[in-house]
Amino acid sequence: MSQAREILRVEKLGKRFPGVVALDGVDFDLREGEVHVLLGENGAGKSTLIKMLSGAYQPDSGSVLVDGEPVEIRTAADAQRLGIATIYQEFNLVPELTVGENLVLGRPPRRFGLVDTRRMHEQARGMLDRVGVTVDPRTRVAELGIAQMQMLEIAKALALNARVLIMDEPTAVLTTTEVERLFGLVRQLRERGVAIVFITHHLEEIAQLGDRVTVLRDGRSVEQVPADTPEEELIRLMVGRPIDQQFPRQAQRAGEPLLRVEGLTRAGAFADVSFEVRAGEVVGVAGLVGAGRTEVARAVFGADPYDSGEVLVRGRRLPGGDVRAAMEAGLGLVPEDRKGQGLVLGADIAENLGLVTLRHATRAGFVDRAGQRESAGRVAEQLGVRMSHLGQEVRTLSGGNQQKIVIGKWLLADAHVLILDEPTRGIDVGAKVEIYQLINSLTASGHAVLMISSDLPEILGMSDRVLVMARGRLVGELKAAEATQDSVMALAVTEVEDARVH
Amino acid sequence: MLVSTNVLTSRSAARSLLAENGSLAALVVLVVALSLMSGDFLTVTNLLNVGVQAAVTAILAFGSTFVIITGGIDLSVGAVAALSAMVLAWTAADTGLPWPLATLVALAVGVVCGLVNAVLIAYGKLPPFIATLAMLGVARGLALVVSQGSPIEMPEEVSRLGDTIGGYLPVPVLVMAVMGVIAAVVLNRTYTGRAMYAIGGNEEAARLSGIAVGKQKLITYALSGVFAAVAGIVLASRLASAQPQAAAGYELDAIAAVVIGGASLSGGKGRALGTLVGALILAVLRNGLNLLSVSAFWQQVVIGVVIALAVLLDTLRRRGGR
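Reading the values: the criteria
- Residues numbered from 1 in each chain as written.
- Chains lettered and ligands numbered in written order.
- Predicted model: local features only at pLDDT ≥ 70, side-chain atom pairs only at ≥ 80, totals over all residues.
- Heavy atoms only, no water.
- UniProt positions renumbered as here; feature names shortened; annotations may be inferred.
- Helix = DSSP H or I, 4+ residues; strand = E, 2+ residues; numbered from the N terminus.
- Buried < 20%, exposed > 50% of the residue type's maximum accessible area, 1.4 Å probe, protein only.
- Contact = heavy atoms within 4.5 Å.
- Rg over C-alpha atoms; globule rule 2.2 N^0.38 Å.
- Areas by Shrake-Rupley, 256 points an atom, 1.4 Å probe, with all protein chains shown as cover.
- Lys, Arg positive; Asp, Glu negative; His and termini not counted.
- Charge placed at Lys NZ, Arg CZ, Asp CG, Glu CD.
- Pairing = 2+ DSSP bridges.
- Axes fitted to C-alpha atoms, helices over the stretch in contact; angles between N-to-C directions.
- Core = buried A, V, L, I, M, F, W, Y, C linked by side-chain atoms within 4.5 Å.
- Expected span 1.5 Å × (residues − 1).
- Buried area = accessible area lost by both parts, 1.4 Å probe.
- Salt bridge = Lys/Arg side-chain N within 4 Å of Asp/Glu carboxyl O.
- Polar contact = N/O pair within 3.5 Å; in protein donor to acceptor, adjacent residues only side chain to side chain.
- Nonpolar A, V, L, I, M, F, W, Y, C, P; charged D, E, K, R; others polar.
- Patch = residues over 30% accessible without salt bridge, like charges linked within 9 Å, V, L, I, M, F, W, Y side chains within 5 Å.
- Phe/Tyr/Trp six-rings, centres within 6.5 Å; stacked < 30°, edge-to-face > 60°.
- Domains from an automatic or database assignment.
- Parallel < 35°, antiparallel > 145°, perpendicular 65-115°, else oblique.

Identification of chain B as ABC transporter permease from Nonomuraea indica is taken from an unreviewed UniProt entry. Quoted verbatim from the Subcellular location (unreviewed entry) heading of the UniProt record, the comment on chain B is "Cell membrane".

The structure is reproduced here in structure tokens:
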């Protein structure tokens, strides 16, 4: 591997934005046929670095060399010409167009000035074959799953003869089997000599897939280490201090049942789901993506309707499909899609924190805005939100701090049962632990937490009980002591036919 | 920009206000430029005249501000204004309803039109553009039906809204100020106002935070309707009669005023003060071009260019600030 040719080199790269130094001297190099992992907490500068490599930002200082020659990457077209392709977490696909149309977007094969649909689909099929995806090119992209969309993005990049493929947290949204398939493809690409920059927050993936790791911290590259470096060491490099415990769960004695769900059913989504959550408990919900976990959570909270069954909070039945009633009863939902459903990105921190309590702060139609601001300030401080002031737009916060805001609005409302859907997705290690500690303090004060997560170590590390869902049904319940990766996964892949609700 | 800072050298507060509000700066530049170019511009009489010209647009635009902040659009405000005024004049003249009651009926017409818009949008899931475009047709048509196509005289008591107080202060300007303050208070201080920003910023997040989105949209469009009714009554008072074709095309001026004032058509942003400035820019421009004897044809061209420039400058300034 060490003799492999160097394709890309970045030297002392610097970038400042008004008020912030985003990058402050980053060195990085990439060889043909390697998977080079970029590791760092949110805000460490990973995104800024890859945006400069893809032409979205211009560096203020330092240099970028491709094949030993200094280059300037001013636009996405420049990056494309140099063979650098980036796959962001938010895909660059047009959902209303077909797979084929997306693959040849901007340069469709033409005949007599019209798009030659047949040839377009032939080309698309060839491109899909290279990434091993068997989907009809005439399918609309909106109908695809996330994993397939990702493969489509990779196919697009390969069609442009990309030599450098930058992947920004590609596994964050994938299930275990999908991750395996992605890794298979990445390994194949590596064999073919493609150089891959891989960003992930899942440390266990590094040894599985990576060759080298560059760790970024506070806008600097702190060290370059081999991929088989122990996880504790990687964490230490990343946060600059050792983290004693990745999952600091302090179990409480379970109290009275706060939330009870009985036989909840919605045709086509989930069936006969029953469980309860007691005061002081963290109940984890595991399962593959698409098992119906989010759907159940939203139905319980009243965000979506259900066909039959009931939801009881402290023994009182909630009307279906009524968010307000669920809130008043003491439920809170931290949705899976933080930006799309949890936050008003263009509004400031105080405004977002006060969203749930807005109604209670209203007298005769008028909002006590000073009071709202004061409470927001209190919670922001309690949560340790890193911000310049309460008037800062939420858009400009890091993922971890944004998540604290979403949780914070329910703290202000004093929700007794908090439903957390993927609470730490895309959040760095340091902020994760802070959120776990928050969960601890909530349960210590008699609140209950229902936590959906696709991150198995997190489910195992933080839950007192684990519910497992598969294909819309609850297929099992495990106590913290008996739950292991294997026992949970065995349940998660249960077929519906033999599924039995506990 | 240089000129404006020279004028206000000693006032740092005013300066920071201008820096934060691009449209206000543009208005100041416009006023300074026009006073230099025409001796008739900077007179009390003329400025009050500008106020009267701005009043109807501004009142309509305050109502549109609510809607635009929620991420919607209301194309029906001009037609609703005409219909409301027409109903007032008609009920007073033909059915002999006392003018205060007729006025209330007219305001109610505005509210009902807004509610119908909101029901179509919030519960019928029609795009606001289509729902309010349909309402534009219906309201304008009904105004013609009610009036049988000809103007109806306004009750004398109501027509005083078009007069001046003490022969000096025009009542429309006063009404504009009052409606502006109401709009600002609603937006900044009330639950509904704060909910409008949340809905426009992220409707799903607002819903999941317990805001009854449908109900708040009902209130939003009803407010837009009632503001339109007030604007229609003020306009008819100035003309002393309700005309079925009154305020045609005013909805576009209202939207332009809101956007020039710094609101975003994608929702979540906008302020009453900005909207007032937007409406004043349009009125100052028309007035100034008249004083400079620019032909009515060229005026349209200039106003189009200014709308684009004002919004462009604001966008560039914000991007630079990031």
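1. Observations regarding the overall build of chain A
Counting its regular elements, chain A contains 17 helices and 24 strands. Along the three orthogonal principal directions, the C-alpha set of chain A runs to about 70 × 50 × 50 Å. The buried share of chain A, taken over its 502 residues, is 55%. Considering only intrachain contacts with a sequence separation of at least 6, the fraction spanning at least 24 residues in chain A is 67%.

2. Focus: the overall build of chain B
A tally of helices and strands in chain B yields 15 helices and 4 strands. Taken over the C-alpha trace, chain B has a radius of gyration of 20 Å; the compact-globule value for 322 residues is 20 Å, and the two agree within 12%. For chain B, the C-alpha atoms occupy an extent of roughly 60 × 55 × 35 Å along the three principal directions. Within chain B, the fraction of its 322 residues that count as buried is 52%. Long-range contacts, defined here as pairs at least 24 residues apart, represent 76% of the contacts in chain B between residues at least 6 apart. In the form shown here, chain B has an accessible surface area of approximately 13,800 Å², with 68% of it arising from carbon and sulfur atoms. Across chain B, the 18 positively charged side chains and the 13 negatively charged ones have centroids separated by 15 Å.

3. Observations regarding the sheet that holds strand β15 (residues 282-287) of chain A
Residue and element names in this part refer to chain A. Taken in spatial order, the 6 strands make up an open sheet running β18-β21-β22-β15-β23-β24, and their pairing is mixed. In this open sheet, the two strands that pair with only one neighbour each are β18 (331-334) and β24 (473-479). Adjacent strand axes in the sheet meet at a mean angle of 20° when their direction is disregarded. Of the pairings in the sheet, the one linking β15 to strand β23 (residues 465-470) comprises 5 bridges and is parallel in character. Residue pairing across strands places Gly284 opposite Val466, the latter belonging to β23. The strands that helix α9 (residues 293-301) touches are β15, β18, β21 (417-421), β22 (448-452) and β23; relative to β18, the one it contacts most, it runs at about 145°. Running at roughly 30° to β23, helix α17 (residues 485-492) makes contact with β15, β23 and β24 of the sheet.

4. Things to note about the nonpolar core
By size, the foremost hydrophobic cluster in this structure holds 71 residues, and its most contacted members are Leu259(A), Leu264(A), Phe275(A), Val300(A), Phe301(A), Leu331(A) and Ile439(A). Contact partners of Leu259(A), with chain neighbours within four places excluded, come to Phe275(A), Glu276(A), Val277(A), Val300(A), Val311(A), Leu312(A), Val313(A), Leu331(A) and Val417(A). Counting 70 residues, the second-largest nonpolar core is a separate cluster that includes Val80(B), Cys113(B), Leu235(B) and Ala246(B).

5. So, helix α14 (residues 272-291) of chain B
Residue and element names in this part refer to chain B. A rise of 1.5 Å per residue sets the reference length of α14, with its 20 residues, at 28 Å; its end C-alpha atoms lie 28 Å apart and thus fit the reference within 8%. A large share of α14 lies buried, amounting to 14 of its 20 residues. At the exit of α14 stands Ser293, carrying a positive phi of roughly 55°.

6. Here we look at the pairing of strand β6 (residues 84-87) of chain A
Residues and elements named next belong to chain A. Here β6 shows no split at all, with Ile84 and Thr86 on one side and Ala85 and Ile87 on the other all buried. With 4 bridges joining them, β6 and strand β9 (residues 164-168) adopt parallel strand pairing. Looking at the pairing, Ile84 lines up with Val164 of β9.

7. Quick notes on the interface of chain A and chain B
Chain A puts 30 residues into the contact, and the matching count from chain B is 21 residues. Summing both partners gives a buried area of about 2,100 Å² for chain A against chain B, and 52% of it is carried by carbon and sulfur. In this assembly, chain A and chain B are joined by 3 salt bridges. When the shortest N-O distance is used, the salt bridge between Arg298(A) and Glu204(B) registers 3.0 Å. Inspection of the chain A/chain B interface yields 12 residue pairs in polar contact (both at pLDDT 80 or more). Counting only elements with at least two residues in the side of chain A that touches chain B, the list comes to α9, α10 (323-329), α11 (338-342), β20 (366-367) and α14 (399-412) of chain A. With 4 residues, the top contributor of residues to the side of chain A that touches chain B is α11(A). Among the residues forming the side of chain A that touches chain B, the class breakdown is 15 nonpolar, 6 polar and 9 charged.

8. Considering a nonpolar patch on the surface
Residue and element names in this part refer to chain B. On the surface, Val112, Val116, Leu120, Leu126, Phe129, Ile130 and Leu133 cluster together into a nonpolar patch covering about 550 Å² of accessible area. Looking at the nonpolar patch, the elements with two or more residues in it are α6 (99-123) and α7 (128-147). Here Ile130 shows up in helix α7. On the basis of relative accessible area, Ile130 is assigned to the partly exposed category, the value being 42%.

9. Quick look at the packing of aromatic side chains
Residues and elements named next belong to chain A. Enumeration over the complete set of coordinates arrives at 4 aromatic pairs over all chains. Ring centres 6.1 Å apart and planes at 70° place the aromatic pair Phe183 and Phe198 in the edge-to-face group. Here Phe183, found in helix α6 (residues 176-191), pairs with Phe198, found in strand β10 (residues 195-199); they are 15 residues apart in sequence, far enough to count as distant. Considering the side-chain rings of Phe301 and Trp410, the 5.6 Å spacing of their centres and the 90° angle between planes classify their relative orientation as edge-to-face. With a gap of 109 residues between them, Phe301 in helix α9 and Trp410 in helix α14 connect regions that are remote in the sequence.

10. As for the domain arrangement of chain A
Residue and element names in this part refer to chain A. Splitting chain A by domain gives domain 1 (6-239) and domain 2 (257-492). Centre-to-centre, using C-alpha coordinates, domain 1 lies 32 Å away from domain 2. Domain 1 puts 12 residues into the contact, and the matching count from domain 2 is 14 residues. With both sides pooled, the region where domain 1 packs onto domain 2 buries about 1,000 Å², and carbon together with sulfur makes up 59% of that total. The tally of links from domain 1 across to domain 2 stands at 0 salt bridges. Across the contact surface, domain 1 and domain 2 share 0 residue pairs in polar contact (both at pLDDT 80 or more). Classifying every residue of the side of domain 1 that touches domain 2 by side-chain character gives 5 nonpolar, 5 polar and 2 charged.

11. Brief notes about the packing of helix α4 (residues 117-130) of chain A against helix α5 (residues 146-159) of chain A
Residues and elements named next belong to chain A. The N-to-C vectors of α4 and α5 enclose an angle of 105°; their axes lie 9 Å apart at closest approach. Between α4 and α5, the angle falls in the class roughly perpendicular. Contacts between α4 and α5 pair Met127, Leu128 and Arg130 from the former with Leu152, Ala155, Leu158 and Ala159 from the latter. When grouped by side-chain class, the residues that make up the contact of α4 with α5 number 6 nonpolar, no polar and 1 charged.

12. Quick word on the UniProt feature "transmembrane region" (unreviewed entry) in chain B
Residues and elements named next belong to chain B. Per the UniProt record, "transmembrane region" (unreviewed entry) is annotated on residues 21-38, 50-68, 75-93, 99-122, 129-147, 167-187, 218-240 and 297-316. This span, residues 129-147, is 100% helix and 0% strand, and a straight line between its end C-alpha atoms measures 27 Å. Taken end to end, residues 167-187 has its terminal C-alpha atoms 33 Å apart, with 81% of it in helix and 10% in strand.

13. Description of the pattern of salt bridges
Tallied over the full model, the rule gives 42 salt bridges over all chains. For Arg298(A), the salt bridge is made with Asp304(A), and the minimal N-O distance between the two is 2.8 Å. The buried category is assigned to Asp304(A), whose relative accessible area is 19%. Residues Glu204(B) and Arg207(B) are paired through a salt bridge, measuring 3.4 Å at the closest nitrogen-oxygen approach. Here the residue Glu204(B) and the residue Arg207(B) both occupy positions in helix α11 (residues 203-208), the gap between them amounting to 3 residues, near one helical turn. Judged by its relative accessible area of 21%, Glu204(B) falls in the partly exposed class. One network of salt bridges, with partners in common, ties together Arg5(A), Glu32(A), Asp67(A) and Arg163(A).

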